[in-house]
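Tertiary structure, described
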Amino acid sequence: MRCPCKIVNNEIYSNVSMKKIAILAGDGVGPEVISEAVKVLQAADEKYNIDFDLKYELIGACAIDATGDPLPAATVERCQSSDAVLLGAVGHPRFDNNPAATVRPEQGLLKIRKTLGLYANIRPIKSYKSLYKASPLKESLITDVDFVVFRELTGGIYFGDKGRRGNGSEAFDLCAYSVEEVERIARLAFEAAQGRRRHLTLVDKANVLETSRLWRETVSKISNDFPNVQLDSMFVDNAAMKIVQQPAFFDVILTENMFGDILTDEASAITGSIGMLPSASVGSKVALFEPVHGSFPEGAGRGIANPMAAILSAAMMLEYLGYREAGQDVRAAVERALEKGVATEEISRDKAASTSEVGDFIAKSIVA
Ligand code: IPM
Ligand code: MG
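The structure contained in this document is the topic of the report that follows. (Residues numbered from 1 in each chain as written. Chains lettered and ligands numbered in written order. Predicted model: local features only at pLDDT ≥ 70, side-chain atom pairs only at ≥ 80, totals over all residues. Heavy atoms only, no water.)

1. Remarks on the pattern of salt bridges
Convention followed: The salt bridge definition used is simple: a Lys or Arg side-chain nitrogen within 4 Å of an Asp or Glu carboxyl oxygen. Accessibility here uses a 1.4 Å probe with only protein chains present; expressed as a share of the type maximum, an area under 20% marks a residue as buried, one over 50% as exposed, and anything in between as partly exposed. Numbered from the N terminus, helices here are DSSP runs of H or I no shorter than four residues, and strands are runs of E no shorter than two.
Within the structure shown, the criterion is met by 19 salt bridges. Of the charged contacts, one joins R165 and E170 as a salt bridge, the two residues approaching to 3.0 Å between their closest N and O atoms. A relative accessible area of 44% places R165 in the partly exposed class. Residue E170 is classed as partly exposed on the basis of its relative accessible area, which comes to 41%. Between R213 and E210 there is a salt bridge; the shortest N-O distance is 2.8 Å. You can see R213 and its partner E210 sitting in helix 8 (residues 210-223), 3 residues apart, about one turn around the helix.

Below you can see the structure in the form of structure tokens.
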């Protein structure tokens, strides 16, 4: 990185446009894919004169090992004083296989989302022509799929009261939503729909759940402010089916926290690789960008993880910070890599490139 100062007529001016980024590489393949995203950010910095200031902090299992806390105070402070956060992945099998563990890596992720007020998780699902063959769906179904899921991220069953009763023989997780929590993400989703194909699908389980009925009421009121957006509602089980039967039906999906978690894993798989899906989490102030694929512990340290989701998350971050052209440039470079077959093994089965080869190709093609 260059010095964040400019010398003009022998006077030193502090560069106010410097962008502070907190990098939380996390666990599993997180550090590997993030170092490729950083290569790409450095290439964009070079070409567009951005002046990134990147600072690394801990989250998840690696933070537990180092400090006993999945989200150390230093990480929270760094994120709060940054312009954006780029996160790799969080999770480790030694916690997954131990139901008695009271401190878990995922607590760090949930807490940073809540602390930064990141109530909207935006997950674009796009099919790439060069990946049609890798999709489990027929080419005719996957062609031109392009939708975006707005997943509520700081409420619902993830954050409701939870616990045990009856001497531990019963467990409960409460799902609760307020009108305000629904309204704020619904507005973002409607605004996004206005800039797209103006079709919003609310996914819920209003035939069973009271929270879903509150979502329907609230979203239908808000739709009055967006008369040019067509609103429809779909039960989550039906939506799960529709995503594999007719994914091109969707434009914007709006849904609560856990439905969004499940449906976005399903939706990413139909594009041919879960390693392609980026995400942005936005809310009050600082936004956070992360690949959807998770820590993929079996792949860690083997150079096989696809860095494209992390790189596309960095592209979303560039656009969010106002560097639209740089973001588009990164997307185009990812597409070039796919077209040339420079991709990891789940996509380029016969002549797979390693994680860092993919990152190198994309970074070089930006500077070129
Ligand atoms: C995701 C992940 C997280 C979630 C886990 C790791 C807590 O699956 O970001 O989708 O459930 O939100
Ligand atoms: Mg998930």
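2. Some remarks on the nonpolar core
We apply this condition: Throughout this description, the term nonpolar core refers to a set of buried Ala, Val, Leu, Ile, Met, Phe, Trp, Tyr and Cys residues connected via side-chain atoms within 4.5 Å. Reported domain spans reflect what an automatic or database domain assignment gives. Any two residues whose heavy atoms approach within 4.5 Å at even a single point are treated as in contact.
Grouped together as the largest cluster of nonpolar side chains are 71 residues, with contacts concentrated most on L254 and I362. The element that contributes the greatest number of residues to this core is helix 11 (residues 308-320), accounting for 9 residues. Structurally, this core is a two-domain feature, drawing no fewer than three residues from each of domain 1 (16-120 + 273-368) and domain 2 (136-271). With near-sequence residues (within four places) excluded, L254 lies in contact with F150, I185, A186, A189, L200, T201, L202, V203, W215 and V219. Formed by 20 residues, the second largest nonpolar core is a distinct cluster that contains F147, M234, L263 and I270.

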